[in-house]
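An overview of the molecular structure
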Amino acid sequence: MPERAEIFEVGPRDGLQNEARMIATSDKVALIDHLARAGFARIEVASFVSPKWVPQMADGADVLAGITRMDGVSYAALTPNMRGYAGALAAKASEIAIFASASEGFSKANLNATIEESLARFAEVAEAARADGMPMRAYVSCVTQCPFDGETAPAQVARLVAALRDMGAYEVSLGDTLGHAWPAQVDAMLEAVLQELPAAQLAGHFHDTAGRALENVDVALARGLRVFDGAVGGLGGCPYAPGAAGNVATEALDAHLRKRGFETGLDTEILAQAADMARRLREG
Ligand code: HMG
Ligand code: MG
């Protein structure tokens, strides 16, 4: 039996959030419904952030109301604060994600908060999520480098991972936000992080700006990680990480994992159709 590896599809959120042209809610819904048919267990579909900061994500509630929910699919939403959490809860997101940064520069640019201030906000969200029985994932951004502060110390990433673990995150996704990480940097970062959380509760979130995302996936596989975030069609980037390109393309990640002997459970044909849809959305 081939070993299982999971791709967490983040294209409808991390991919689309960076598109300058406003994409119709109905197009987002169609993409998400197609992705669900491809066999993903988890799809990040919205973020309940300030519409002044990320206008493209302002229709999160409508997206969640418009999709046809499939059994066995968890529809995730980013929540930066209690206001966002209330929005995600009301829209019946299946799970939420909090998102901290390992670097002060990106924390300020992305959340208008220091790392400590952001953790205080996330602690409130985590407490509410626990009380409501809402599953909570977490991200750490800039795990190897930051567009503002340069290289990130592995110990700092481990500290953030421990803090998010202690808040009750069921999984922590490690973000190479800029997409410039070298495999050796990823390896050193993972060595530190694995002292705080086992591989089974970690995910790799590699943007592919420098074209090394799949090499970084290999390093993470060797360290025991089996969950990777991907964006169909290689969509996206982060509006607060200047120069960052999209996440590793889900279809390339799927092909790579299969080649490495892992079973992803995805339907490659439906996935290719979804990648075409995503590219058409980008082209307008
Ligand atoms: P702020 O300006 O400091 O917040 O932003 P504020 O509390 O002063 O509020 C400002 C305005 O936003 C107010 O409205 C609030 O009501 C409103 P006004 O009075 O001016 O009309 N507001 C909200 N509206 C809707 N939903 C909310 C919300 N909160 C406040 N939840 C804030 C602080 C956190 C809100 C802002 O910085 C923000 O929205 N940041 C999110 C940025 C973002 O979404 N970035 C991209 C996602 S992270 C990412 O891509 C990385 C990741 O992929 C991993 C990786 O690659 O590393 C996850
Ligand atoms: Mg990202």
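These figures come from a predicted structure and were not determined experimentally.

A word on the site of ligand 1
Close contacts around ligand 1 come from 28 residues, with Lys52, Arg83, Asn112, Ser141 and Thr177 the closest. Contacts to ligand 1 include Ser50, whose backbone N or O atom sits 2.9 Å from an oxygen atom. Here an oxygen atom of ligand 1 and a side-chain polar atom of Thr177 are 2.5 Å apart. In isolation ligand 1 offers 1,100 Å² of accessible surface; the protein chains occlude 76% of this area.

Some points on the UniProt feature "domain: Pyruvate carboxyltransferase" (unreviewed entry) in the protein chain
As annotated by UniProt and renumbered to match this structure, "domain: Pyruvate carboxyltransferase" (unreviewed entry) occupies residues 5-272. Overall, residues 5-272 shows 41% helix and 18% strand. The separation of its end C-alpha atoms is 19 Å.

Some thoughts on the pattern of salt bridges
In total, this model carries 16 salt bridges according to the counting rule given. For the salt bridge of Lys28 with Asp59, the shortest nitrogen-to-oxygen distance reads 2.8 Å. Of this pair, Lys28 sits in helix α2 (residues 25-38) while Asp59 sits in the loop between β3 (42-47) and α3 (60-66), placing them 31 residues apart in sequence. One network of salt bridges, with partners in common, ties together Glu6, Arg42, Arg137, Glu171 and Asp229.

What about unusual backbone geometry?
Unusually for a residue other than glycine, Asn112 sits at a positive phi of about 50 degrees. Here Asn112 lies in the loop between α5 (104-111) and α6 (115-132). You can call Asn112 partly exposed: its relative accessible area is 45%.

Digging into the coordination of the magnesium ion (ligand 2)
Bound to the magnesium ion (ligand 2) on the protein side are Asp14 (OD), His205 (NE2) and His207 (NE2), at distances that span 2.0 to 2.3 Å. The sequence motif formed by the donor residues of the magnesium ion (ligand 2) is D-x190-H-x1-H. Here Asp14, found in helix α1 (residues 11-15), pairs with His207, found in the loop between β10 (202-206) and α9 (213-222); they are 193 residues apart in sequence, far enough to count as distant. Using a relative accessible area of 2% as the deciding quantity, one classes Asp14 as buried.

Rules of the game
- Residues numbered from 1 in each chain as written.
- Chains lettered and ligands numbered in written order.
- Predicted model: local features only at pLDDT ≥ 70, side-chain atom pairs only at ≥ 80, totals over all residues.
- Heavy atoms only, no water.
- Near = heavy atom within 4 Å.
- Polar contact = N/O pair within 3.5 Å; in protein donor to acceptor, adjacent residues only side chain to side chain.
- Areas by Shrake-Rupley, 256 points an atom, 1.4 Å probe, with all protein chains shown as cover.
- UniProt positions renumbered as here; feature names shortened; annotations may be inferred.
- Helix = DSSP H or I, 4+ residues; strand = E, 2+ residues; numbered from the N terminus.
- Salt bridge = Lys/Arg side-chain N within 4 Å of Asp/Glu carboxyl O.
- Buried < 20%, exposed > 50% of the residue type's maximum accessible area, 1.4 Å probe, protein only.
- Donors = N, O, S within 2.8 Å, 3.2 Å for Na, K, Ca; no water.

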